[in-house]
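Listed here are the chains, written in short residue letters.
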Amino acid sequence: VQLVESGGGLVQPGGSLRLSCAASGFTFSNYHMSWYRQAPGKERELVAHISGAGGITNYAASVKGRFTISRDNAKSTMYLQMNSLKPEDTAVYYCNAVLGRYDYWGQGTQVTVSS
């Protein structure tokens with residue numbers, strides 16, 4: 001199983017970024033997927049979650065209305081569209097898949113929101 005995030009970077013407050021998570025090594029469409037983030041000195045927190053077919057999504061209250069999670073099962077890729085970014089969104093963002101008893105993580109991608 002491999003999860004590879006991309007798309008992070010430096011953006012000004014109010015800007016947008018789209019993160020991608022390319023998955024391999026398992027039947028992507030069979031599993032729920034999630035985005036987490038971890039800011040310096042803070043615990044890792046769930047940002048958004050999407051069902052296998054993509055029809056069910058859930059968001060942390062802090063990002064609801066600004067972030068959109070989606071997936072393309074034909075490409076085995078998950079996305080996180082982040083709009084109206086705030087400095088408090090600064091964190092390393094991680095892709096997560098739970099396959100049975102096993103928990104898989106990507107290496108993370110840094111998002112920095114600063115003027």
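Refer to the preceding data block for the structure.
Below is a short write-up of the structure. (Residues numbered from 1 in each chain as written. Predicted model: local features only at pLDDT ≥ 70, side-chain atom pairs only at ≥ 80, totals over all residues. Heavy atoms only, no water.)

## Looking at the state of the cysteines
Which entries qualify depends on this criterion: Two cysteine sulfur atoms form a disulfide, by the criterion used here, when they sit within 2.5 Å. Numbering of helices and strands runs from the N terminus, with a helix taken as a DSSP run of H or I at least four residues long and a strand as a DSSP run of E at least two residues long. Buried means the residue's accessible area, taken with a 1.4 Å probe over protein chains only, is under 20% of the maximum for its type, while exposed means over 50%, and partly exposed covers the values in between.
Using the criterion set out here, one finds 1 disulfide in the structure. The disulfide that involves Cys21 links it to Cys95, with 1.9 Å between the sulfurs. Disulfide Cys21-Cys95: the torsion about the S-S bond is -65 degrees, which places it as left-handed. Within this pair, whereas Cys21 is found in strand 3 (residues 17-24), its partner Cys95 is found in strand 9 (residues 91-99), the two being separated by 74 residues in sequence. Residue classification places Cys21 among the buried positions, given a relative accessible area of 0%.

## A few points about the packing of aromatic side chains
Here is the rule: Classification of ring pairs rests on two measures: the distance between centres of Phe, Tyr or Trp rings, Trp counted by its six-membered ring, which must be within 6.5 Å, and the angle between planes, read as stacked under 30 degrees, edge-to-face over 60 and tilted in between. In this scheme, Lys NZ or Arg CZ marks a charge over a ring once it lies within 6 Å of the ring centre and within 35 degrees of the ring normal.
Within this structure, the stated rule accounts for 4 aromatic pairs. Between Phe26 and Tyr31, the ring centres sit 5.8 Å apart and the planes meet at 70 degrees, which makes this aromatic pair edge-to-face. A ring pair is formed by Tyr36 and Trp105, whose centres lie 4.9 Å apart and whose planes are at 70 degrees; its orientation type is edge-to-face. Residue Tyr36 is found in strand 4 (residues 33-38), and its partner Trp105 is found in strand 10 (residues 102-105); the two are separated by 69 residues along the sequence. By relative accessible area, Tyr36 is classed as partly exposed at 22%. In textbook terms, an aromatic cluster arises when at least three aromatic residues are bridged by ring pairs, as seen for Phe26, Phe28 and Tyr31. The ring of Tyr94 carries the charged tip of Arg44 above its face, separated from the ring centre by 3.8 Å. Taking the ring centre of Phe28 as reference, the NZ or CZ of Arg71 above it sits at 4.2 Å.

## Remarks on the pattern of salt bridges
Rules: Salt bridges are counted wherever a side-chain nitrogen of Lys or Arg sits within 4 Å of a carboxyl oxygen of Asp or Glu.
Applying the stated rule across the entire model yields 3 salt bridges. Across the pair Glu45 and Arg37 runs a salt bridge, and its minimum N-O distance is 2.6 Å. Arg37 sits in the buried class, given a relative accessible area of 6%. With its nearest N and O atoms 2.7 Å apart, the salt bridge here joins Arg66 to Asp89. Of this pair, Arg66 sits in the loop between strand 6 (57-59) and strand 7 (67-72) while Asp89 is found in the loop between strand 8 (77-82) and strand 9, placing the two residues 23 residues apart along the sequence. On the accessibility criterion, Arg66 (10% relative accessible area) is buried. Using a relative accessible area of 1% as the deciding quantity, one classes Asp89 as buried.

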